[in-house]
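Given next are the chains, with one letter for each unit.
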Amino acid sequence: MTSSTRSRSAKILAGVALLSVSAIVVAGCSSTPSEEPSDGGGGGGSSADLTLELGSLLPQTGSLSFLGPPMESGVGLAVKEVNDAAAGVTINLTAEDEGDTDTKAYETSISKLQGAGVTAIVGAAASGVSRLILDGNVSAGILQISASNTGPDFTDWDDNGLYFRTAPSDLLQGEVLGNLIAEDGHKTLGVIYQNDAYGTGLFDNIKSTFENAGGEVVADASYNVGDGQFDAQVETIKAQNPDAVAIVSFDQFKTIAPLLVNAGISPDKFYLVDGNLSDYGSSPDTNFPFSLEGAQGTKPGPALEDDFTDRLQTFWTGEGNPEVNDFTYAAEAYDAVVLVALASLAAGSTEGADIAAKMAEVSGGSGDGEKCTSFADCAKIINDGGTADYDGYSGEITFDENGDPQGASIGTYVYGADNLISRTN
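Summary of the structure given here.

How each quantity is defined
- Numbers given to residues run from 1 along each chain, matching the order in which its sequence is written.
- Per-residue local features are limited, in this predicted model, to residues with pLDDT of at least 70; the limit for side-chain atom pairs, both in listing and counting, is 80 or more; totals at the level of whole chains, interfaces and linings are taken over all residues.
- Where side-chain values are given, they derive from all heavy atoms of the structure, hydrogens and water being excluded.
- Here, a strand pair is defined by DSSP locating no fewer than two bridges between the strands.
- The helix count covers DSSP runs of H or I at least four residues long, the strand count covers runs of E at least two residues long, and both are numbered beginning at the N terminus.
- Only the stretch in contact is used when fitting a helix axis, every axis being a line fitted to C-alpha atoms; angles between N-to-C directions are given from 0 to 180 degrees.
- Pairs of residues are marked as contacts when any of their non-hydrogen atoms sit within 4.5 Å.
- To count as a disulfide, a pair of cysteine sulfur atoms needs to be within 2.5 Å.
- Per-residue accessibility, obtained with a 1.4 Å probe over protein chains only, is compared with the maximum for each type, and a residue is labelled buried under 20%, exposed over 50%, and partly exposed between these values.
- In summary, the pairing rule links any two rings of Phe, Tyr or Trp, Trp by its six-membered ring, whose centres are within 6.5 Å, and it sorts them by plane angle into stacked for under 30 degrees, edge-to-face for over 60 and tilted for everything else.
- A ring is considered to have a charge above it if a Lys NZ or an Arg CZ atom is located within 6 Å of its centre and within 35 degrees of its normal.

Observations concerning the sheet that holds strand S7 (residues 216-223)
Point 1. Strand order in the open sheet formed by seven strands is S7-S6-S8-S9-S10-S13-S14, and the pairing between neighbours is mixed. The sheet is open, and its two borders are formed by S7 and strand S14 (421-423), each paired with just one other strand. Between one strand and the next, the sheet's axes are offset by a mean angle of 25 degrees, whatever the strand orientation.
Point 2. Both strand S13 (residues 410-415) and S14 contribute to a ladder of three bridges, which runs antiparallel. If you follow tyrosine 415 over to S14, its bridge partner there is isoleucine 421.
Point 3. Taken strand by strand, helix H4 (residues 170-183) contacts strand S6 (188-194), strand S8 (244-248), strand S9 (270-272), strand S10 (296-300) and S13, and its axis lies near 160 degrees from that of S10.
Point 4. Set on the sheet, helix H7 (residues 253-262) makes contact with S6, S7, S8 and S9; between it and S9 the angle comes to about 170 degrees.

Structure, rendered in structure tokens:
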């Protein structure tokens, strides 16, 4: 998949006029003059309209750029629907490019976001990028919520309660994939993985799960982010002739897969992860000269409802973008925006710390909220003095004290002859 070629800096306002630079409130404080001061305790309901300066830091370029369209469409649709609800919170969105740890686009982008006065950021997509920006956001009092960070270390990060994620830890995905490989009857496994926290975390959990199930990892080979040659890694795997091969990568899979096939390893032995599981037959620049039929993989998230994907598609193409063919993390991105908006409404504030203090409550963490499944319905509960418990398209969420979702779903997928994936569980 390709990211949109047009600039997305501050591109989505969903019907709300873009504020000029001179009208943007000072960084770290986005309360409008009409907004009542908040003690951060909420108290149910909003006595004045809130204007929330929200940033997104998602991969328009770089090795995760195929995730840009689904995640940006999720964020943009949520912003539009929050604003259309006119229920006490209006979002101004400033969207910037994350790039990746190799291109370092995030360095310029995060400065722009902080300079624009955002008090909450959706992103980054890559755990490696979030590790590099999180401390700075915490120092600036900015809430950060990622739709796709899966690194286990974020659970115990010293974040002053300002970090959340709507995707589960790699501990769960690694366990599901390791069990899948074993349940398919494979006894030996080779693993090619990215040498960063994302890759090593998944590798460790795939390996331990597979070996606990009676299998053996007979070969493993890592590569560094930014590498373009993978012949040595493929030779290491081929030398041990494993029953199956797990590839833990981002878009490097497009280079690794042909090398594996040329080495005599058939695609039906491939097992992929969320970083590379994509519809490769759906875009000319990602087509392979061979079929991936029988290859399998995992990624977080439940099966998406047709109504939701139709709304995403309508919104995204209406913004002048090509169709979204892969909805990976779109639901998690959408839910991230809705939860931030609901927490802002419940707090009666747009300050990062105040919003953060209400995130668990609006996701059901307090245990005594009223269930609701849209921003409009949840906002009505809050504005009527009640406690909302939002269940989204990515699941029930329910943040724990570490900002992790307590309930999560990992889907398993298989490739057809057309190199498109279909969900199997």
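Text resumes after the structure shown.
A few points about the state of the cysteines
Point 1. Inspection of every chain in the model, using the stated rule, returns one disulfide.
Point 2. The partner cysteine of cysteine 372 in its disulfide is cysteine 378, sulfur to sulfur 2.0 Å. Its torsion about the S-S bond being 105 degrees, the disulfide of cysteine 372 and cysteine 378 is classed as right-handed.
Point 3. Under the relative-accessibility criterion, cysteine 378 is labelled buried at 0%.

Observations regarding the packing of aromatic side chains
Point 1. For the structure on display, the rule yields 15 aromatic pairs.
Point 2. Relative to tyrosine 280, the ring of phenylalanine 253 lies with its centre 5.5 Å away and its plane at 40 degrees, an arrangement referred to as tilted. Here phenylalanine 253, found in helix H7, pairs with tyrosine 280, found in the loop between S9 and S10; they are 27 residues apart in sequence, far enough to count as distant.
Point 3. We classify phenylalanine 253 as buried; its relative accessible area is 0%.
Point 4. For the pair tyrosine 334 and tyrosine 393, a centre-to-centre distance of 5.5 Å together with 75 degrees between the ring planes defines the contact as edge-to-face. Taken as a pair, tyrosine 334 in helix H9 (residues 330-347) and tyrosine 393 in the loop between strand S12 (388-390) and S13 lie far apart in primary sequence, 59 residues in all. Considered together, tyrosine 334 and tyrosine 393 belong to a single accessibility category, that of buried residues.
Point 5. Pairwise contacts between aromatic rings join Phe253, Phe270, Tyr280, Phe288, Phe290 and Tyr415 into one cluster.
Point 6. One Lys or Arg, lysine 299, reaches over the ring of tyrosine 413 and ends 5.0 Å from the middle of that ring.

Fair warning: the whole summary comes from geometry, so function is off the table for now.
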